[in-house]
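# What the coordinates show
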Amino acid sequence: QKGVFSKEVAANAPELLKMPAGTVQVSIYYAKHLPVKTMFGLTDTYVRATYEGKTMRTRTVRLSLDPKYNTTMRFPSGDCVNAVSIEVYQVGGIGSDLEIGQLIIPYKDIARGVNKEFALFERSGASVVGLQGKTTVLYVRGTADMREQDIGEIAHRRAER
């Protein structure tokens, strides 16, 4: 089972071969169609990703509604069942930063190697809509390299079904 699983994952995400075992890697490339939240028509934004209680963030991209973050974050992976939570924020002038939108990527999708644009959602569940009524999206690539024991546990759970 381990050999079959390893070949499948390696075919979908070759960079796994370079990652330490038990690592979840999330790359945030860009956002498109961010909503205008300032009177100047542009905004300063950053992205925060959280996995198993550890939070990392991109650099702040200034004055853009289509920012390019090009940031890769690596998280140590524990029990391999948690989702990755990602939020996009606008830098606040006075006080706290304003959340523009969020998305949650289940671990199973990360483990398979996800590489696509995701729609952002408000906490209410509504889609975030930017200029010209276009849905705001965030381009994310996520991969995971499970530890040997995790692969064995998954194979055992599948056999029990």
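Residues numbered from 1 in each chain as written. Predicted model: local features only at pLDDT ≥ 70, side-chain atom pairs only at ≥ 80, totals over all residues. Heavy atoms only, no water.

## Here we look at the sheet that holds strand β4 (residues 68-76)
- Sheet architecture is open: four strands sit in the order β4-β1-β8-β7, paired in antiparallel fashion. The sheet is open, and its two edges are formed by β4 and β7 (114-119), each paired on a single side. Direction aside, neighbouring strands of the sheet carry axes that sit 20° apart on average.
- Sheet topology places strand β1 (residues 23-32) next to strand β8 (residues 137-145); nine bridges connect them, and they run antiparallel. The residue of β8 that forms the bridge with Lys-32 is Val-137. (Pairing = 2+ DSSP bridges. Helix = DSSP H or I, 4+ residues; strand = E, 2+ residues; numbered from the N terminus. Axes fitted to C-alpha atoms, helices over the stretch in contact; angles between N-to-C directions.)

## Things to note about the environment of Lys-68
- Note on placement: Lys-68 falls in strand β4.
- Sequence-wise, Lys-68 and Leu-138 are 70 residues apart; in three dimensions their C-alpha atoms are separated by 9.8 Å.
- The contacts of Lys-68, once residues within four sequence positions are left out, are Tyr-29, Tyr-30, Arg-59 and Val-61. (Contact = heavy atoms within 4.5 Å.)

## A few points about the nonpolar core
- Grouped together as the largest cluster of nonpolar side chains are 29 residues, with contacts concentrated most on Val-24, Ile-28, Tyr-69, Ile-86 and Leu-138.
- Breaking this core down by element, the ones donating at least two residues are β1, β2 (45-51), β4, β5 (84-90), β6 (98-105), α2 (107-112), β7 and β8.
- Per-element accounting of this core gives the leading share, four residues, to β1. (Core = buried A, V, L, I, M, F, W, Y, C linked by side-chain atoms within 4.5 Å. Buried < 20%, exposed > 50% of the residue type's maximum accessible area, 1.4 Å probe, protein only.)

## So, the environment of Asn-115
- With respect to the helices, strands and loops of the structure, Asn-115 is situated in strand β7.
- Considering only alpha carbons, one finds Asn-115 and Val-26, 89 residues apart in sequence, at a separation of 9.8 Å.
- Within the structure, Asn-115 has its side chain in polar contact with the side chain of Tyr-139 (distance 2.5 Å). (Polar contact = N/O pair within 3.5 Å; in protein donor to acceptor, adjacent residues only side chain to side chain.)

## Re the confidence of the model for the protein
- Of the residues in the protein, 74% reach a pLDDT of 70 or more, and the chain-wide mean stands at 79.
- Under a pLDDT of 50 for its full length, residues 1-19 has, in the predicted model, 24 contacts with residues more than four places off or in other chains. (pLDDT = per-residue confidence, 0-100.)

## Considering the sheet that holds β2
- Strand order in the open sheet made by the four strands is β3-β2-β5-β6, with antiparallel pairing throughout. In this open sheet, the two strands that pair with only one neighbour each are β3 (54-57) and β6. Neighbour-to-neighbour, the strand axes of the sheet open up by a mean angle of 20°, direction not taken into account.
- For β2 and β5, the ladder comprises six bridges, and the chain directions are antiparallel. By the bridge assignment, Thr-45 is partnered in β5 with Gln-90.

## Re the pattern of salt bridges
- Per the counting criterion, the structure on display carries six salt bridges.
- Among the salt bridges present, the one from Arg-62 reaches Asp-44, with a minimum N-O distance of 2.9 Å. Highlighted residues: Arg-62 in the loop between β3 and β4 and Asp-44 in the loop between β1 and β2, separated in sequence by 18 residues.
- A relative accessible area of 57% places Arg-62 in the exposed class.
- For Asp-109, the salt bridge goes to Arg-112, with nearest N and O atoms at 3.6 Å. Linking Asp-109 with Arg-112, this pair stays in helix α2, spanning three residues, or about one helical turn.
- A network of salt bridges, in which partner residues are shared, links Lys-108, Asp-109 and Arg-112. (Salt bridge = Lys/Arg side-chain N within 4 Å of Asp/Glu carboxyl O.)

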